[in-house]
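Close look at the chain arrangement
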Amino acid sequence: MNKWLKRSGIVLVLLILTAVVGGAIFLLNFDPKVYQDRLVKEIKLRYERDLKINGEIELSLFPRIGLRVTDVSLSNKNAETEFSSMQEVRFAVALWPLLFDRFLVDHVKVNGFKSHIVRYADGSLNIDDFYALPLDFDKEHMARRRQQAAAEELPIAERAARMAANEFKIDIAGLDLENGTVLVEDQASKRQFSLDNMSIHTGRITFGEPFSLALNAKLDARHPTDDATLNVRSRLRFEPAASIYQVEQIDATLQGQIKGYRVAEAALNGRFSVDNFAGDAHGKALRLLLNLNALDESKRLSHIDLDVRADEVGLNRIDTQLLAKNLSIKGSTADHQKRSLAWELNSPNLNLSGFDAAAEPLTGTVQFRGEESMDVNVSLDGFSGLASNLKIRENTLKGRYLTSANRAIDIDLSSPLSINLLSGEFSYPALRGLLRLSDGDLLQEAPVIASIRGDLRSSSMDFNVDAVMDAERMNLSGTLKSFSKPSIDFKLSAESLALDHILGVDSDLPLASLMLESDAKDKSQAAAAANQTSTAAAVEEAPSAKPNKSRSLSLKQELLARLSGVGVFDIAKMSYRGLDFQDLSATLFFDSSSDIKIDALRAKFFGGELAANSQMSLDDGSLKVDLKLKDVDMASLLQGFKARALLSSRADIDLALATQGLSEKELLQNLNGQLSLDSAEGKWHGFSMKRVLDDVTHMIDTGSQQLRFEQSETTPFKRLRFAADVNNGIMHFSKLHADSSDFSLVNKDESSQYNMLDGHFDFNLQLNAKQPVSVSRQGVNVQVKGFSIPIRLWNDAELIQVETALQEL
């Protein structure tokens, strides 16, 4: 026993001496520059990035051998801008492997880590080179780069003194990262978010072997209310030499509040793998849950829900394979007006490759609920061909859109579909079906024939649609670009188009509101009750009626507000709410907002010509119109707008008006601008000035006269001209001149006005009689050759009051 103890003691002493001698040799020969230069060169060679170690590399022996490096930074690829930095890095290193030029790290601790990840406008990332080497990055390519780098290296003698012949390897037993920050910037959408106070803890990291990872961080999406925590538990395996990256299991959760929403549930589970050289990405047992509730009404959506599940999904760019097994995507959103949008996509089995195409029918639904409703069903069935020429026997689209007035639009379309998964091109060569419009007893069917060609890579699509409506043919052609932010250019040509048959009458639209009947009994009574006060009081109260709220958009307005582009109209005849336009041409501009601009509108209108430019906002109901009417028939015009036909003449009208409102009343209350009219050889309807002049004796004696409004009574004139300023729905006449063979009327001052809200008018004029009138005084008839008297005209219900301040002639 003693013999063995002595021998063991001798061996132990020898090992200690060897370790001491070895450690001394290592310390005496330790040159940090060797490892620093090797690492800098390797990073530059493989990733074309500059690694800088500005601090010192310090060696420590107690309690274990360790290295400490400070102030480390890494640049972006082929750039001087900084990609990442670390304040301090500590290594606990195994001594024995260092003697054989092998880095066996027991532990790594990083403090003050910062990284800036950028997604450029073209969709590329500044980290693509770390995990997605280009397709031509083969051994020959690497050899050329090594040869190029060798030409720039140090002289052979110095290089040999600093580097050993063996391969330089790293093996990390564990990693702790504290006080980390990762900033992610999307230059395309101009958005940022960051992971702050990040901590990462891993198990042993050895390439080709799985290791565990735990991550905790604060998620900041640059919103004042952000207070969210991200927790990730996963098991990873990396093989950089083979360009294989695997997430064998991930469980990620998000808690707190983000972007103005409270996170009720947010979780990601599954297994993922990426093989860059093979161009393959796969996911198994995938599950993504997201449930958000708005913190207040400042957010457009009050609720967001998303549920994505799949047994397996995959994409291989080399073999051109698309795989989906039991894929289900469900989601819904709701706003504060209790309107909701829900969608669902199901793919039981989809396997498309460069050799074969097989799949069960793929189906999807979209539902909208609110003051309007929409249901759309989509299906794809009959897959065949190759990935480069995928054939789908039938792609059907069926749905119904129901307005708040129970006006329904039904679509039933189908077509074969061809897709090239390699190029992203697709086409609908023969899209056919019916468009049905139903409004009460009215039922219309419009056969539709269309062809569509598109490119998914460039996010563009060309379309040409022919339809027949009311036995009249119309054509819609154009181009749609950017599916995520749609921009459309189109041209609509038609021989005849009944616009209200297609769009219906949306009373929320400012232009339509101005054209609704305002003289219905219920409306007129309500208006009369609301306007029993004086005209001055109406003017006082009008400004307070300006709306401060935003419009609750209808579904079609919501969709229109998402588009941008230009539309050109060329229509031989168009009708809307009883208004007829001939030879109409116009250009429509819209820009992914609620603003819509109509430029260079030209048409023949009520026997004359119309030229207009306008701009409207679907959001706040604002409307601006610059309009010129030349030689229009005033009687037909007033009847067309459901107004009382007070004039029958040809006239030129210029108007520049602006308003804002969410109802007809608000639009009229906030109407402001200028209006002028010039008319020749016409008639006033409703009263006769001849009756006034024939009974001038009574008017002079009493100072007033009362006439009942009678449409058959007329007052001819040779010329009528006026100019008015419109202030909150009330026209103030700055100029008014009517001239006939018997009299002339001239605006005495600017107090003459017309209230567009209730139809009341009050004119202060100077009446000039041109023909002799008979005046009876105390049984004596006197022929007065001509006279001029002040006169006031105003209306009271169906009565027109005439008053003069002159008591004696």
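Since the model is a prediction, treat every value here as computed from it, not as a measurement.

1. Observations concerning the overall build of the protein
What the protein contains, in helices and strands, is 15 helices and 44 strands. Taken over 809 residues, the protein has a buried fraction of 40%. A fraction of 51% describes how many contacts in the protein between residues 6 or more apart in sequence connect residues 24 or more apart. A total accessible area of about 43600 Å² is found for the protein, and carbon and sulfur atoms account for 55% of it.

2. Here's the deal with unusual backbone geometry
A positive phi angle, close to 55 degrees, is found at Lys 190, a residue other than glycine. Note on placement: Lys 190 falls in the loop between strand S7 (175-186) and strand S8 (191-202). You will see that Arg 222, though not glycine, has its phi angle at about 65 degrees, which is positive. Along the chain, the position of Arg 222 falls in the loop between strand S9 (211-220) and strand S10 (227-239).

3. Details of the side chain of Ser 85
For Ser 85, the location among the structural elements is in strand S4 (residues 82-93). For Ser 85, a relative accessible area of 14% translates into the label buried. Separated by 3.5 Å, the side chains of Ser 85 and Glu 82 make a polar contact.

4. Examining a positive patch on the surface
Where like charges cluster on the molecular surface, the positive patch consists of Lys 190, Arg 191, Lys 259 and Lys 485. Note on placement: Arg 191 falls in strand S8. Using a relative accessible area of 59% as the deciding quantity, one classes Arg 191 as exposed.

5. What about a nonpolar patch on the surface?
There is a patch of nonpolar side chains on the surface, built from Leu 315, Leu 322 and Leu 421 and spanning about 230 Å² of accessible area. Looking at where Leu 421 falls in the secondary structure, it is placed in the loop between strand S21 (408-420) and strand S22 (425-439). Classification of Leu 421 as partly exposed rests on a relative accessible area of 31%.

6. Observations regarding the pairing of strand S40 (residues 761-769)
Sheet topology note: the strand S38 (residues 743-747)/S40 ladder contains five bridges and is antiparallel. Following the sheet pairing, Phe 743 is matched in S40 by Ala 769. Pairing between strand S39 (residues 753-755) and S40: two bridges, direction antiparallel. Bridge pairing links Gln 753 to Asp 762 in S40. Here S39 folds back onto S40, and the loop between the two strands holds five residues, one of which, Gly 759, carries a positive phi near 80 degrees. Of the pairings in the sheet, the one linking S40 to strand S43 (residues 787-796) comprises eight bridges and is antiparallel in character. The residue bridging Asp 762 from the neighbouring strand is Trp 794, located in S43.

7. Quick word on the environment of Met 574
You can see Met 574 is positioned in strand S28 (residues 564-576). A C-alpha to C-alpha distance of 8.7 Å links Met 574 and Ala 494, two positions 80 residues apart in sequence. Those residues in contact with Met 574, other than ones at most four positions away along the chain, are Leu 497, Leu 499, Leu 579, Asp 580, Phe 581 and Leu 584.

8. Some remarks on the nonpolar core
Counting residues in hydrophobic clusters, the biggest one holds 100 residues, and the most contacted among them are Met 634 and Leu 745. With six residues, strand S29 (residues 579-591) is the largest single contributor of residues to this core. Excluding its chain neighbours within four sequence positions, the residues that come into contact with Leu 745 are Trp 684, Met 689, Leu 736, His 737, Ala 738, Leu 765, Gln 766, Leu 767 and Ile 791. Counting 43 residues, the second largest nonpolar core, distinct from the first, contains Val 72, Val 89, Met 198 and Ile 258.

9. So, the side chain of Glu 372
When you line up the elements, Glu 372 lands in the loop between strand S18 (362-369) and strand S19 (373-386). Taking relative accessible area as the criterion, Glu 372 reaches 5% and is therefore assigned buried. Polar contacts involving the side chain of Glu 372 include one to the side chain of Tyr 401, which spans 2.3 Å.

10. Comments concerning the pattern of salt bridges
All told, the structure shown has 23 salt bridges when counted by the stated rule. Across the pair Lys 218 and Asp 227 runs a salt bridge, and its minimum N-O distance is 3.3 Å. A salt bridge links Arg 237 to Glu 239; the shortest N-O distance between them is 2.1 Å. On the basis of relative accessibility, which here comes to 24%, the residue Glu 239 falls in the partly exposed class. Linked through salt bridges whose partners overlap, the residues forming this network are Arg 235, Arg 237, Glu 239 and Glu 248.

11. Section: the pairing of strand S26 (residues 487-494)
Residue alternation in S26 divides its side chains into a buried set, Ile 488, Phe 490, Leu 492 and Ala 494, and an unburied set, Ser 487, Asp 489, Lys 491 and Ser 493. Relative to S26, strand S25 (residues 472-481) runs antiparallel, the two sharing eight bridges. Paired with Asn 475 across the bridge in S26 is Ser 493. One ladder, built from eight bridges, connects S26 with S28; its direction is parallel. Considered in S28, the bridge of Leu 492 is made with Phe 569.

12. Quick look at the environment of Ala 408
Assignment of secondary structure puts Ala 408 in strand S21. Taking C-alpha positions, Ala 408 is 6.6 Å from Asp 439, a pair spaced 31 residues apart along the chain.

13. Concerning the environment of Glu 371
Tracing the backbone through its elements, the reader meets Glu 371 in the loop between S18 and S19. In this structure Glu 371 comes out as partly exposed when scored by relative accessible area, which is 36%. Separated by 34 residues in the primary sequence, Glu 371 and Gln 337 have C-alpha atoms spaced 9.2 Å apart. At 3.4 Å, the side chain of Glu 371 forms a polar contact with the side chain of Arg 339.

14. A closer look at the packing of aromatic side chains
Across all of its chains, the model carries eleven aromatic pairs by this definition. Judged by centre distance (6.5 Å) and plane angle (80 degrees), the rings of Phe 426 and Tyr 428 are edge-to-face. Like Tyr 428, Phe 426 is buried. Judged by centre distance (5.4 Å) and plane angle (55 degrees), the rings of Phe 733 and Phe 763 are tilted. With Phe 733 in strand S37 (residues 730-739) and Phe 763 in strand S40, the pair connects residues that are 30 residues apart, well separated along the chain. Per residue, the accessibility class of Phe 733 equals that of Phe 763, and both read buried. An aromatic cluster of three or more residues is present, and its members are Phe 722, Phe 733, Phe 761 and Phe 763.

15. Here we look at the confidence of the model for the protein
In this model, the protein carries an average pLDDT of 78, and 76% of its residues clear a pLDDT of 70 or more. Mean pLDDT values over the elements of the protein span from 36, in helix H8 (residues 510-514), up to 94, in S9. In the predicted structure, residues 133-139 sits below a pLDDT of 50 and forms eleven contacts with residues beyond four places in sequence or in another chain. Low pLDDT, under 50, characterises residues 505-551; the stretch is placed with 80 contacts to residues that sit more than four places away or in other chains.

Cut-off values and rules
- Residues numbered from 1 in each chain as written.
- Predicted model: local features only at pLDDT ≥ 70, side-chain atom pairs only at ≥ 80, totals over all residues.
- Heavy atoms only, no water.
- Helix = DSSP H or I, 4+ residues; strand = E, 2+ residues; numbered from the N terminus.
- Buried < 20%, exposed > 50% of the residue type's maximum accessible area, 1.4 Å probe, protein only.
- Contact = heavy atoms within 4.5 Å.
- Areas by Shrake-Rupley, 256 points an atom, 1.4 Å probe, with all protein chains shown as cover.
- Polar contact = N/O pair within 3.5 Å; in protein donor to acceptor, adjacent residues only side chain to side chain.
- Patch = residues over 30% accessible without salt bridge, like charges linked within 9 Å, V, L, I, M, F, W, Y side chains within 5 Å.
- Salt bridge = Lys/Arg side-chain N within 4 Å of Asp/Glu carboxyl O.
- Lys, Arg positive; Asp, Glu negative; His and termini not counted.
- Charge placed at Lys NZ, Arg CZ, Asp CG, Glu CD.
- Pairing = 2+ DSSP bridges.
- Core = buried A, V, L, I, M, F, W, Y, C linked by side-chain atoms within 4.5 Å.
- Phe/Tyr/Trp six-rings, centres within 6.5 Å; stacked < 30°, edge-to-face > 60°.
- pLDDT = per-residue confidence, 0-100.

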